[in-house]
Each structure stands twice: as C-alpha cells, then as structure tokens.
Amino acid sequence: MDFLKSAVASAISKDPPFPYKFGDRLTVDQSIWALHNGTKRENGSDCSIFAFDVTADKSRLPLARNAVRKMRTLRHPGVIKVYDTVETETYIYVATERVTPLEWSARRKSLSVETSKWGLFSIANTLSFINDEASSIHGNVRLSSIFTSQSGEWRLGGLEVLSSPEDDDALIYRYGSFTPNSGRYAPPEIAKASWDAIKRHPLSAIDSYNFGILVFEVFNGSFITADQVGQTKNVPPSMHQSYKRLLNANPKARLSVSHFRDQGRRSGGFFETPLIKLSEGIDSLGLKSEGEREEFLSELDEVAEDFPEEFFSVKVLPELLKSVEFGGGGPKVFASVMKIGKKLSDEEWESKITPVIVRLFSNPDRAIRVCLLDCLPGMIDHLSQKVVNDRIFPQMVTGFTDVAPLVREQTVKAVLTIITKLSDRTINGDLLKQLAKTSNDEQPGIRTNTTICLGKIARHLGTSTRQKVLVAAFARSLRDPFVHARNAALLALAATLDLFTDDDCATKILPALCPSLVDKEKLVRDQANKCFDVYLQRIRKYGYSLPDTVLPPPAIVVANGAVPRMGTPQNDTPGWAGWAISSFTNKLATASGDMQSKAVKPQQAKSDRSSSVPPAADSSHPPLSASASILHRQSVTGTSTPARVPTPTEQCFKNPIEDDEDVDEAWGEMAENSFFDAPTETKPNPAPPISFDDGGEPDFEGWLKAQAQAKSKAPLPKGLTKPSANVSNVSNGRQAVTRTTTTGSVGAGVGAKKLASTIAKPKPATTKAISTKPKEVDDDWGDAWD
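Each value, and the rule that gives it
- Residues numbered from 1 in each chain as written.
- Predicted model: local features only at pLDDT ≥ 70, side-chain atom pairs only at ≥ 80, totals over all residues.
- Heavy atoms only, no water.
- Helix = DSSP H or I, 4+ residues; strand = E, 2+ residues; numbered from the N terminus.
- Buried < 20%, exposed > 50% of the residue type's maximum accessible area, 1.4 Å probe, protein only.
- Contact = heavy atoms within 4.5 Å.
- Areas by Shrake-Rupley, 256 points an atom, 1.4 Å probe, with all protein chains shown as cover.
- Pairing = 2+ DSSP bridges.
- Patch = residues over 30% accessible without salt bridge, like charges linked within 9 Å, V, L, I, M, F, W, Y side chains within 5 Å.
- Salt bridge = Lys/Arg side-chain N within 4 Å of Asp/Glu carboxyl O.
- Lys, Arg positive; Asp, Glu negative; His and termini not counted.
- Charge placed at Lys NZ, Arg CZ, Asp CG, Glu CD.
- Expected span 1.5 Å × (residues − 1).
- Disulfide = S-S within 2.5 Å.
- Phe/Tyr/Trp six-rings, centres within 6.5 Å; stacked < 30°, edge-to-face > 60°.
- 1 Å grid on protein atoms, 1.4 Å probe; cavity = no way out; pocket = protein on both sides within 12 Å on 5 of 7 lines; lining within 4 Å.
- Points joined across faces, edges and corners; volume = space filled by probe spheres on them.
- Axes fitted to C-alpha atoms, helices over the stretch in contact; angles between N-to-C directions.

Peer 1: It is not clear to me how the overall build of the protein should be interpreted in this structure. Could you clarify?
Peer 2: Scanning the protein for helices and strands turns up 32 helices and 8 strands. Residues counted as buried form 41% of the 786 residues belonging to the protein. If you take every contact in the protein between residues at least 6 apart in sequence, the share linking residues at least 24 apart comes to 64%. Only carbon and sulfur atoms are counted for the fraction: they give 54% of the accessible area of the protein, which is about 45,100 Å².

Peer 1: What am I meant to see in the side chain of Thr354 here?
Peer 2: You can see Thr354 is positioned in helix 15 (residues 346-361). Not counting the four nearest positions on each side in its chain, Thr354 is found in contact with Trp349, His382, Leu383 and Val387.

Peer 1: What exactly am I supposed to notice about the pairing of strand 2 (residues 34-40) here?
Peer 2: Counting buried positions over the 7 residues of strand 2 gives 5, a clear majority of the element. One ladder, built from 5 bridges, connects strand 1 (residues 20-26) with strand 2; its direction is antiparallel. Bridging across to strand 2, Tyr20 finds its partner in Lys40. Bridge count for strand 2 against strand 3 (residues 46-53) is 6 bridges, and the pairing is antiparallel. Its bridge partner lying in strand 3, Asn37 is registered against Ser48. The turn joining strand 2 and strand 3, which pair antiparallel and follow one another in sequence, is formed by 5 residues; a positive phi near 75° is taken by Gly44.

Peer 1: For this particular structure, what's the right way to read a negative patch on the surface?
Peer 2: Taken together, Glu166, Asp167, Asp168 and Asp169 make up a surface patch of like negative charges. Mapped onto the elements, Asp167 comes out in the loop between strand 8 (154-156) and helix 5 (171-175).

Peer 1: So what exactly am I meant to see when it comes to the pairing of strand 7 (residues 146-149) here?
Peer 2: Consecutive side chains along a regular strand alternate between the two faces of the sheet. Along strand 7, one buried face is formed by Ile146 and Thr148 and the opposite face, lined by Phe147 and Ser149, is buried too. The pairing of strand 6 (residues 99-101) with strand 7 spans 3 bridges and is antiparallel. In the strand pairing of strand 7, Pro101 is matched with Phe147. As paired elements, strand 7 and strand 8 share 3 bridges and run antiparallel to each other. If you follow Thr148 over to strand 8, its bridge partner there is Trp154. Remark: 4 residues form the turn of the hairpin made by strand 7 and strand 8, two consecutive strands paired antiparallel; Gly152 in that turn has positive phi of roughly 85°.

Peer 1: Just to check I follow, could you spell out unusual backbone geometry for this structure?
Peer 2: Excluding glycine, residues mostly carry a negative phi; peptide bonds, for their part, are mostly trans. We note that Gln30 has phi near 55°; this positive angle belongs to a residue other than glycine. Topologically, Gln30 is positioned in the loop between strand 1 and strand 2. At Asn181, a position not held by glycine, the phi torsion is positive, near 55°. Inspection of the secondary structure puts Asn181 in the loop between helix 5 and helix 6 (182-185). The exposure class assigned to Asn181 is partly exposed, which follows from its relative accessible area of 36%.

Peer 1: Help me understand helix 14 (residues 330-341) in this model?
Peer 2: Residues separated by three or four positions in an α-helix point in the same direction, a consequence of the helix having 3.6 residues per turn. With 12 residues, helix 14 extends 17 Å between its outermost C-alpha atoms, agreeing within 8% with the 16 Å of an ideal straight helix rising 1.5 Å per residue. Looking at helix 14, one finds that the buried residues are Gly330, Val333, Phe334, Ser336, Val337, Met338, Ile340 and Gly341. Tucked inside the fold, the buried residues of helix 14 contact helix 12 (290-302), helix 13 (309-325), helix 15 and helix 16 (366-379).

Peer 1: Could you clarify how one ought to interpret the state of the cysteines in this entry?
Peer 2: Structurally, a disulfide amounts to a covalent bond that connects the sulfur atoms of two cysteines. This structure, assessed with the given rule, holds 0 disulfides. Cys375 takes part in no disulfide bond, and the closest cysteine sulfur to it belongs to Cys371, at a distance of 4.1 Å. Residue class for Cys375 comes out buried when judged on its relative accessible area of 17%.

Peer 1: How do you make sense of the packing of aromatic side chains when you look at a structure like this?
Peer 2: Counted by the stated rule, this structure contains 17 aromatic pairs. On the basis of an interplanar angle of 85° and a centroid distance of 6.4 Å, the ring pair of Trp33 and Phe50 is categorised as edge-to-face. Highlighted residues: Trp33 in the loop between strand 1 and strand 2 and Phe50 in strand 3, separated in sequence by 17 residues. When sorted by exposure, Trp33 lands in the same class as Phe50, which is buried. Centre to centre, the rings of Tyr185 and Phe223 are 5.6 Å apart; their planes meet at 45°, and the pair counts as tilted. Highlighted residues: Tyr185 in helix 6 and Phe223 in the loop between helix 8 (205-220) and helix 9 (240-246), separated in sequence by 38 residues. Summarising the burial analysis for this pair, Tyr185 and Phe223 share the class buried.

Peer 1: Even after reading the chapter, I still don't get empty space enclosed by the protein, so can you show me in this structure?
Peer 2: If you roll a probe as big as a water molecule over the atoms, it shows you where there is empty space left. Taken as a whole and judged by the stated rule, the model has 4 cavities of 30 Å³ or more. Taken as a whole, the largest cavity holds about 200 Å³ of empty space. In terms of lining residues, the largest cavity is bounded by 21 residues, among which Ser31, Trp33, Phe147, Gly158 and Glu160 are the most central. Taken together, the elements giving at least two residues each to the lining of the largest cavity come down to strand 2 and helix 2 (61-73).

Peer 1: It is not clear to me how the sheet that holds strand 2 should be interpreted in this structure. Could you clarify?
Peer 2: Pairing within the open sheet is antiparallel, and its 5 strands lie in the order 1-2-3-5-4. Two strands close off the open sheet at either side, each with one partner strand: strand 1 and strand 4 (82-87). Direction aside, neighbouring strands of the sheet carry axes that sit 25° apart on average. In the sheet, strand 4 pairs with strand 5 (residues 91-96) via 5 bridges, with the strands oriented antiparallel.

Shown next, in the form of structure tokens:
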C-alpha cells in the first residue's frame, strides 16, 4: 500500500508545475475548451484558464495543440493574451488574461449599438491583420469565439483551425469540419464541396462570410439556421449594404473584412463614432497638443454613458492619469478622471487613483493644486483617514502660506472637506496654527472665510481649545474693518452658542458684541442685535437658575432660644431706594422715650440717667438694650448679661467703626482717601477708661471731658456737621459702656481703685488733619480701551 502511494506521488510530481489556481467554471457553447476563472499563485492576480481534457476528446487534440501554438506565436492586441501553457498526456492548460464570453452579453441584449460597433471594429482590425499581414485564415469566427477583457475590449479566440494556406499540410484542410457546428457557419462553397475549396478562392473569403454572421449575432443575440443569413433585423441601416456584401454567395465578389472596415471609416460611415475615435486616440493622449487634447476630452464626455465601464476604468483611466501626472494634461484631464472615478469601487479607487492623488498633492503646479482642492469633495469618501491625515494634509499645509491668494483661499475652504478625516492632534495643533495665520491674512476674503471655517469646524475642536481659540478669534473678527468679516463673526457666534460656558457668554462674548450694536453698517447692526438677543436669553435663563445668595445662613441664638431678626433687605422693600442693611432691630424697647430737641448738659444728663432706672425686667423676657446705670449695677452685683456669641458673618465683616473710631471719623477717612485707592490699615485707638465717683457710680461727666480732650475732631464736609458735641459724646459714652458691659470686661470682682488708676493715665490723642482740596482726576483713564 505504501508503495502504491509513493508511485502515485512520484507520478504526480513528474507533471510540469502550473502556477495558477482554478476557480469557477464558465459555460461556453460551441467550443472544445472548458473555461475557468483563475488566479496566479504568486500574487493572486486574476486570470482565465482554458482547459482541454485529452482523454475525453482525443479526436480534437490536434485542434487544441494548434490553438496553443498559434496563441503563443500570434501577437496582436485583439487576440487573447497568453500567460502560460502546460501540456501533458491527460490535459492541456492555457492561462490567459481574465476574459468573459461575449455571448453572455449578446444573449441578454445588453450591448448598446455604439458598443457593438466599437467591438466589431476591433474584431475587424484583428481579422484584417490575420488575413493581410499574417496571410492566414482564422476559419472559426463566430460569437462563441469572441471574449471581453477586463477593460471591456473584445478579444478574438477560437484559434483551433487558424492556418496559412501556403502550408501544404495546413490543419484547416483536414480538421476544419471538426470544429463544433461547423456546418452551420460554413460558407456555401465549402458546404457544396470540402475545405479544400479554400485553395481556389480568395484567402479572406471564409473569414468575411463568418464575420457577416457575427454581425447578425451581435445585434440579434444568436444565429440558429442558415436561413437567417443576410437578414437585416436589428442591424443598423447605415451598415446594411456592406453587411450584405460580406455574405455574398460568390466568394470572389465577397467583401473582405478589411474593406468592410475601410467603408465604415469613411466620412459619415458606420464606424465613424466617438467611441472608436476615443479608443484609437487614448494611447497617444500624452503626445497630443493642447487643442487636440481638449477636443479629445470633449468627445470623452459625450460618450461617457455609452462606453463600457470596464474600458473606462482599465483602459482610459490609466492613460488619463498618466497625462495628468506626466503629460501635462492639467486640470481638465483630471476633471475627466473624477467623472470616471464616480463609477469605481473603493478597492479600485485605492489601487488606481489614490496613489496618483497623493503624488499630485506634492506637485508644485498651482493649477494642479487648485484643481485637487476643488475636486476634493468628490474623492474624500474614497480616501482613508490614514492617507488624508498622514500623506495629504502635510502637503496641503503649504497652501496656507502660498503666495497666490487663490491657493490660500481654496486651502481654507478645503478644511471643511477633510476635517472628518483628521486626527484630534492634527486639528488642535497644526490646523489651528495655519488658520491663525490666515485669520490675519492681508486679503479680507480669506479672513472672512477663515472665520466661517472656524465656526463650522468648532464642534471638532477639543473642549479646552474651544474656550481659548474661538472667543479670541471671533472677538478679533468683530473688530475687522471688512464688513463681511464682522458679519461672519456674528453668524459664527450665533451658530456656536451651545459651545461656550455661561460665564464666558456673560463676561467675554456679550461685552465683545456690544460695539457691534452701533456698527456703522446696518447689515452688522441687524445681525448683532439678533446675536445679542440669543446670548442674552441664555444668560437670563442661567441667572434664573442661580440661588438667591451663596452666604451661609445665620446661626445666632439668644438666651431664650429665639433667633433675632437680622438687618437684611426685605422682599417688600419698595424700589431700589430701600435700605439694604439696618444696624438695629426694630424693637419698641429701643425706641422708647422722647426725642431731645436741644443739647443736654452733662449734669442734667447725669441726673436724668440716675432717675430713669426702669423697674426690674421680667427674667423670661430680658430687654435687648439697657441704660448705663443698669449695666453698672449688674456688674457690681454680679448679674451680667450673658455674652452673645458672634456669628461667622459678624466675625468676617466686623464693624470697623465700633473697633477703631466713631462714625464721624469713619466718614472723615472716606472723605480724605480716594475712592479708587486701596484701604489702609489703621491702628485701633482704645477709648479712655471710665472713672467711678465716691458713691460707686461711674463718673460720666469726667469720662466725657476726657473723651473730648482725647480726640480732636476734624471738620466734616458740608452737610455732615454734627448738631451737638454733647449729644454725640453722650452717645459715644453709652456705646463705650455698652461695649464694656456686653463683653463682660467689667466683672463683680474688679475694684474701684484699680479702675480709677487706669483712668488717671489717659493716652494723648493725635490730631489728624483732613485735606478738603479735591483730588485731581486723570481724564485720560479710558484711552487704553480705544
């Protein structure tokens, strides 16, 4: 068993190698070959494989061998191109270019008249070469012998009986009848006699007759019986006369294929079509003059819909690309390339057009660059992100700083097309750097387009980049002297409203919009009002969502657990003139008594104070304010008012008037110092100590005199003069006593002598001079904003 396996393996190994793989089999009628789609093992390129089974059809082996030999030696563009052949005792394989049987399209009647004429012209050229230059007879011209290449061009096959009559043992004489259905396609002279009759008639007679039948098959789809010979059904009228002469029963009067072609090429002939002109002129496109090239391109546009798509993509497109890149075809040729490219798949785009486009972007020709930028929207979908970001955009960067304004402008416009294919790093880095240059361009149109570009690509920018770039760029455009640049900035701001924070809208954008409200151009003013209203509505909506205050709530609790009323603005305060803060609570106890109409003498004030001691208050409701005598008695008897805990707000905003100086001096300080100057720190000046008389009562009169001597009051501005010094001193004395009592600084254990000794040494007061001369104001403080 092992020996048998090794023998089979050795037998297989002796066969010649065939570097192609078989694919799907295609159906071909009236042929000795089995046609397969194939691929080359080395690179996977497409091919076709004609296979002949020697054991199954050994009688036709000479036909297969003759076909292989002729396909190798006969070199013509209209003949199927052979890659490789392999022949063994059991099979014959012929690898050729990828082809498809023409009869498939003919039977479906999918061939247009113009395409059919173009194909017949190509076959006529091939047969003319075989008959005239090669002095040979094809002998097997029919629809099953015609194939279409990947370029859509017609290729001639079926070379099984191709022979030269000059050879004595020409294969066509002996094996002409071995071709499938040879009797149906045989001309009358051969049907009556034999294939030896070829020697007595013109060399081209048999091929002319078969070509006439091919014309009928192409326009009707098939040829069934000999009765259809000469029928003009579906054959173009301009071709009728020449077509009938091809099928003449007399072989000597029969029109040759080369003459049939020449008649069609006459002025107004049936072969005088744009498609045929195009196929003949495409190979020499690079050698044509500018006028000839423009004429060729205009004809190309006319036949774009009639030509086979395969011919455009495989044959025409490569020649056009060569003309653009090397032949000086320029933008017009590239526009034709883009029209053909619309019918290509992504794979064909990537393999055929993308490499050329990448090379063209590095071309220094400005006309080519502008053409590429104009055509970029039509080809961006076929370009991958890697190609655009890594290979095309680095070449585009040169356009932002080009000397020609047209190149700079088209480059800015092209940003909108490629923005989706750029990486975030490229957008927020190199692209914004280039747009920053064009935003300061000397051409107002380029500045305007840059603003529009920024507005449209704003959503592709990074979040942090938006805040830095957009506000600054649009604010600068609002100050542009070109009216349309200012209008573009307003339109861009309105379109990018949702990209800015509420704080930026209020603090940066709205202030920048205000000058545009009074712009000299009505176009700008109208747009500014619309944009301003949009942003203002957003700010108002945002303001409604903010809390009433961010200050912490008060946490002041008095002895009985009640929260005292704070002097804050009330909701029912009428208008803007309502007092913001009140220093005292609105208690009746603090507002009791009669108002004094004139100054009170110190002795009278003392007696009044001693006689106005109120009865003992209810312990459950202690009064919020008390006279100095009551406070003193509380300190002597040891019953003092509980110390109030200051709130955090009071600790932060401590009244400087109570700690440092009286109200008069605070106003004086404000009058002396400039309003815009920073406040200076003042050292606290402690109030003179209070002395006690022999009866244990505090000597308010002495304290008032010492207070008057300790401080020298500066004259106040007009309207702020004090009505009476005594009343003010009394008020200051009461405040001092109140502070001393409420803070608990005077306790029951403090002796009178110690306190008297403290009062006996008052510190000398310093007199502060106040200048009433108005301070000079710099009238030019706003010049920096102009």
